[in-house]
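Notes for the structure review
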Amino acid sequence: MKPAFYVTTPIYYVNDVPHIGHAYTTVAADVLARYKRLMGFDVYFLTGSDEHGQKVEKAAITAGETPLELADRVVKRYQALWERLGISNNDFIRTTQERHKQGVAHIFTEILNRGDIYLGEYEDWYCTPCETFWTETQLIEDRCPDCNRPVEKLKEESYFFRMSKYQEQLLAHIEANPDFIQPKSKRNEIISFIKEGLRDLSVSRTTFTWGIPVPGNEKHVIYVWFDALTNYMTALGYPENTAEFIQFWPASVHLIGKDILRFHAVYWPTFLMAAGLPLPEKVFAHGWWTVEGQKMSKSLQNVVEPNMLIDKYGVDVVRYFLMREVPFGLDGDFSHTALIQRLNSDLANDIGNLLSRSTAMAVKYFDGILPAASQMLEIDSVLKSKTEEMIVAVSRFMDELAFSKALQAIWEVISAGNKYIDDTAPWTLAKDPDQKSRLATVMYCLLESQRIIHCILSAFLPSTTEKALCSLGWNDAASKEGLVWGGLKAGTTIIKAEALFPRYEEKI
Ligand code: MSP
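Here the structure is a predicted model, which is why all the values come from computation and not from measurement.

**Focus on the overall build of the protein chain**
Within the protein chain one finds 18 helices and 16 strands. In terms of overall dimensions, the protein chain is globule-like: its C-alpha atoms have a radius of gyration of 26 Å, near the 23 Å expected for 508 residues. Burial analysis of the protein chain (508 residues in total) assigns 57% to the buried set. Looking at the protein chain as shown, the accessible area adds up to about 21,400 Å², and 51% of this sits on carbon and sulfur atoms. Side chains of the protein chain carry 53 positive and 65 negative charges; the gap between the two charge centres is 3 Å.

**Concerning the site of the ligand**
Around the ligand, 23 residues are found, and the nearest of them are I11, D50, G257, D259 and W289. Within the backbone of G257, an N or O atom sits 2.9 Å from an oxygen atom of the ligand. Here D259 contributes a side-chain N or O atom positioned 2.4 Å from an oxygen atom of the ligand. Expressed as a share of its isolated accessible area of 670 Å², the protein-covered part of the ligand is 94%. Of all the elements in the fold, those that place two or more residues in the shell around the ligand are β1 (4-13), α1 (20-38), α7 (224-229), α8 (231-234) and β12 (253-257). Grouping the constituent residues of the shell around the ligand by class yields 13 nonpolar, eight polar and two charged.

**Here's the deal with helix α3 (residues 67-84)**
Turn by turn, an α-helix covers 3.6 residues, leaving residues three or four places apart pointing in a common direction. Between the first and last C-alpha of α3 there are 26 Å, a value that for 18 residues agrees with the 26 Å anticipated at 1.5 Å per step. Along α3, the residues classified as buried are P67, L70, A71, V74, V75, Y78, L81 and W82. Buried residues in α3, looked at end-on, bunch into an arc of 120 degrees, giving them a common side. Exposed positions of α3 whose direction lies more than 90 degrees from the buried face are K76 and E83. Lining the buried residues of α3 we find β1, α1, β2 (42-50), α2 (54-63), β3 (91-94) and α11 (306-313). Of the residues one or two after α3, G86 is the one with positive phi, at around 70 degrees.

**Here's the deal with the pairing of β2**
A regular strand carries its side chains on alternate faces of the sheet. Within β2, eight of the nine residues are buried, which leaves the element mostly enclosed by the surrounding structure. Note that β1 and β2 share eight bridges and pair parallel. Bridging across to β2, Y13 finds its partner in D50. When β2 meets β3, the two strands line up parallel, connected through four bridges.

**Some words on the environment of L429**
Its place among the elements puts L429 in helix α16 (residues 426-429). Owing to a relative accessible area of 13%, L429 belongs among the buried residues under this scheme.

**Focus: the packing of α1 against helix α14 (residues 378-399)**
Direction vectors running N to C along α1 and α14 enclose 130 degrees, while the axes themselves pass 11 Å from each other. By the angle between their axes, α1 is oblique relative to α14. The element α1 and its partner α14 pack so that their crossing is left-handed. Two secondary-structure elements touch here, α1 through V31, L32, Y35 and K36 and α14 through V394, S395, M398 and D399.

**With respect to the side chain of T230**
As for its placement among the helices and strands, T230 is situated in the loop between α7 and α8. Judged by its relative accessible area of 0%, T230 is buried. At 2.7 Å, the side chain of T230 and the backbone oxygen of F226 are in polar contact. In this structure, T230 is in contact with H100, G103, V104, I107 and W268, ignoring residues within four places of it in sequence.

**Here's the deal with helix α5 (residues 167-176)**
Along α5, the positions that sit buried rather than exposed are Q167, L170, L171 and I174. Buried positions in α5, seen along its axis, are confined to an arc of 100 degrees and lie on one side of it. Facing away from the buried surface of α5 by more than 90 degrees, the exposed residues are E168 and A176. Against β7 (181-182), α6 (184-195) and α10 (261-275) lie the buried residues of α5.

**A closer look at the nonpolar core**
By size, the foremost hydrophobic cluster in this structure holds 112 residues, and its most contacted members are M323, F403, I410 and F460. In terms of residues, this core owes the most to one element, helix α17 (residues 436-457), which gives 13 residues. Sequence-distant contacts of I410, defined by excluding residues within four places in its chain, comprise M390, V394, I453, I456 and L457. By size, the runner-up hydrophobic cluster in this structure holds 62 residues, among which are I181, L201, L229 and M273.

**Brief notes about the sheet that holds strand β5 (residues 132-134)**
Read from one edge of the open sheet, four strands run β5-β4-β6-β8, paired in antiparallel fashion. If you trace the sheet from one side to the other, it starts and ends with β5 and β8 (201-202), each paired once. In this structure, strand β4 (residues 117-127) lies alongside strand β6 (residues 152-161), joined through 10 bridges in antiparallel fashion. Counted as the bridge partner of G120 is S158 from β6.

**Section: the pattern of salt bridges**
For the coordinates displayed, the defined rule picks out 25 salt bridges. Residue D91 pairs with R99 through a salt bridge whose shortest N-O separation is 2.9 Å. Its salt-bridge partner being R503, residue E505 comes within 3.2 Å of it at the nearest N-O pair. Because the salt bridges share partners, they merge into one network encompassing D30, R34 and R319.

**Describing unusual backbone geometry**
The omega torsion of the bond from Y238 to P239 falls at 10 degrees, within 30 degrees of zero and hence cis. Within the secondary structure, P239 is located in the loop between α8 and α9 (243-248). For the bond from W249 to P250, the omega torsion is 5 degrees, close enough to zero to count as cis. By the secondary structure assignment, P250 is in the loop between α9 and β12. Positive phi is not limited to glycine here, since D142 has a value of about 65 degrees. With respect to the secondary-structure elements, D142 resides in the loop between β5 and β6. For D142, a relative accessible area of 60% gives the class exposed. Notably, D367 is not glycine yet its phi reads approximately 50 degrees, a positive angle. Along the chain, D367 falls in the loop between α13 (336-366) and α14.

Quick notes on the rules
- Residues numbered from 1 in each chain as written.
- Predicted model: local features only at pLDDT ≥ 70, side-chain atom pairs only at ≥ 80, totals over all residues.
- Heavy atoms only, no water.
- Helix = DSSP H or I, 4+ residues; strand = E, 2+ residues; numbered from the N terminus.
- Rg over C-alpha atoms; globule rule 2.2 N^0.38 Å.
- Buried < 20%, exposed > 50% of the residue type's maximum accessible area, 1.4 Å probe, protein only.
- Areas by Shrake-Rupley, 256 points an atom, 1.4 Å probe, with all protein chains shown as cover.
- Lys, Arg positive; Asp, Glu negative; His and termini not counted.
- Charge placed at Lys NZ, Arg CZ, Asp CG, Glu CD.
- Near = heavy atom within 4 Å.
- Polar contact = N/O pair within 3.5 Å; in protein donor to acceptor, adjacent residues only side chain to side chain.
- Nonpolar A, V, L, I, M, F, W, Y, C, P; charged D, E, K, R; others polar.
- Expected span 1.5 Å × (residues − 1).
- Arc of directions from axis to C-beta.
- Contact = heavy atoms within 4.5 Å.
- Pairing = 2+ DSSP bridges.
- Axes fitted to C-alpha atoms, helices over the stretch in contact; angles between N-to-C directions.
- Parallel < 35°, antiparallel > 145°, perpendicular 65-115°, else oblique.
- Left-handed = near helix turned anticlockwise from the far one by under 90°.
- Core = buried A, V, L, I, M, F, W, Y, C linked by side-chain atoms within 4.5 Å.
- Salt bridge = Lys/Arg side-chain N within 4 Å of Asp/Glu carboxyl O.

Here's what the structure looks like:
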């Protein structure tokens, strides 16, 4: 049986339309899912929408809709975008679905029955946009420490989760599993946060109704984060012991943005401990994108809309930019200039040119029929071993979720390919009939190296690599076996490739 790999994105709030920040996590998860499938894993890739809570309720009132009407409308925008971005998710969970609501009610009752949820009374400062309670001392100048918006004093009867009880167990788990929270800097932040002391957590609300009712006490709705986090299991069929739940829980990795790390690295694991369930293997928090140096926000009117980027530059260009520009885990800045630079240099010049030059030569010198390689000289073996070493390096970087480094490693072989053409000068060899077999070896090595490059790159750039592999006469679905040198057989038809990535010239 293939090994299992389960990757998730956060489920996105439906009070907002998708922007580049949402696309970022989803593309990263897709790249990882595609890569793992390529490496022979049985992958389950989940994304979805977070549809309950006061924030969504308020947005619906403003829009003159019911919360569900709002959710139905906005969720389509997410689903359409994921389709355009080539996202290969296995499932899309909506928290308003029956399967999810039942699972949340079940885990709530389970923890209540085990004695770790109890009824009490709550009074504290509440930030509605963040759906978070803050103590007096956590506020910064009387405002929410996360978003700097005003907070309000709320007092309500509430169910509490005995989070304090799990402080030491959680710390011990983090200590024993150094890779549980990544990157390291974020792990340290979480450790300090826990060491300051965990308080019991309010996990129900009575001030609004848009949520999953507490079983048996329906004037309470379940706290939106308790509801939302459970999606990672309900999508697999929890609480039923479905084949999917058995195979894929616990998750291999939850990919999230740094702003929601505490929910995933403190709340979620303690809920699971209380329910007696295994914890996810890894939570990875990526950084945030600013736009041309500024925070992205509706009020600044600088929200970057992924559909607009796809229209302008093409889907794989957007995917490439997001994965290449910023090391995963750090903050980054989006600018059109940087994107165009990547497009014209890395994509049009480096990889695009390499393929069009080489396939054009195969057509010109061998009528598009791939010749067999004969004796390999050192220069050929160097290209071969660089290609093979790259596969190993990419595997290491992908394990670290270092997407940008993986692409860098691939691009080193692309540069080596371009240099190989200059050094071997096939146009000179072509003039001398005695060099026909030398020319054949050069063409073979050049095309075979690129076949492997495009196979591994299919995780990042699925639509372009499909075209490239087609012109290289490689029609098999990308697979681990395809990453081995020697896959292309003499006699294969090579077709001259069109420009994979047309240069972008700014229209003035
Ligand atoms: N609904 C919750 C998640 C629940 S998961 C059980 C939520 N939704 S969200 O729609 O507000 O945000 C989803 C993700 O988008 C978060 O991971 C957040 O980090 C990410 N981003 C929002 N703005 C971003 C940037 N400017 N840059 C990068 N990612 C950003 O939180």
